Amino acid sequence: MMPKDPKITNHQTNYESPVLTSNTNKELKKKIKDISQQVLKRNYELYKALENK
């Protein structure tokens, strides 16, 4: 077992920063929805292209 480095310590914060989620940020929610729609559309186009080969 290696000796514990005294320079490395556990620093705990006195506060908890809020987690940024799509439920707490409407702009983020819209961005995620837009990107999801783009991905779905692109995947569908690729699927159709493969189907027609």
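Values in this document were obtained by computation on a predicted structure and should not be read as measured data.

### Looking at the overall build of the protein
If you tally the helices and strands in the protein, you get one helix and zero strands. By residue count, 0% of the 53 residues in the protein fall in the buried class.

### Some details on the pattern of salt bridges
On inspection of all chains with the given rule, the structure shows three salt bridges. In this structure, K30 engages D34 in a salt bridge whose closest nitrogen and oxygen atoms are separated by 3.0 Å. Taken together, the positions of K30 and D34, both in helix α1 (residues 26-51) and four residues apart, correspond to about one turn of that helix. By relative accessible area, K30 is classed as exposed at 53%. When its relative accessible area of 35% is taken as the criterion, D34 is described as partly exposed. Where E51 meets K48, a salt bridge forms, and the shortest distance between an N and an O atom there is 3.1 Å. Here E51 and its partner K48 are both found in helix α1, three residues apart, which amounts to about one turn of the helix. K48 sits in the partly exposed class, given a relative accessible area of 31%.

### A closer look at α1
Since the α-helix packs 3.6 residues into each turn, any two residues three or four apart lie on the same face. The end-to-end C-alpha distance of α1 is 37 Å, a good match for the 38 Å that 26 residues give at a rise of 1.5 Å each. Where α1 begins, one side-chain oxygen reaches toward the backbone nitrogen of E27, 3.0 Å away; that side chain belongs to N25.

### Describing the environment of K33
With respect to the secondary-structure elements, K33 resides in helix α1. For the pair K33 and S22, spaced eleven residues apart in the sequence, the C-alpha separation amounts to 9.7 Å.

Reading guide: rules and limits
Residues numbered from 1 in each chain as written. Predicted model: local features only at pLDDT ≥ 70, side-chain atom pairs only at ≥ 80, totals over all residues. Heavy atoms only, no water. Helix = DSSP H or I, 4+ residues; strand = E, 2+ residues; numbered from the N terminus. Buried < 20%, exposed > 50% of the residue type's maximum accessible area, 1.4 Å probe, protein only. Salt bridge = Lys/Arg side-chain N within 4 Å of Asp/Glu carboxyl O. Expected span 1.5 Å × (residues − 1). Polar contact = N/O pair within 3.5 Å; in protein donor to acceptor, adjacent residues only side chain to side chain.

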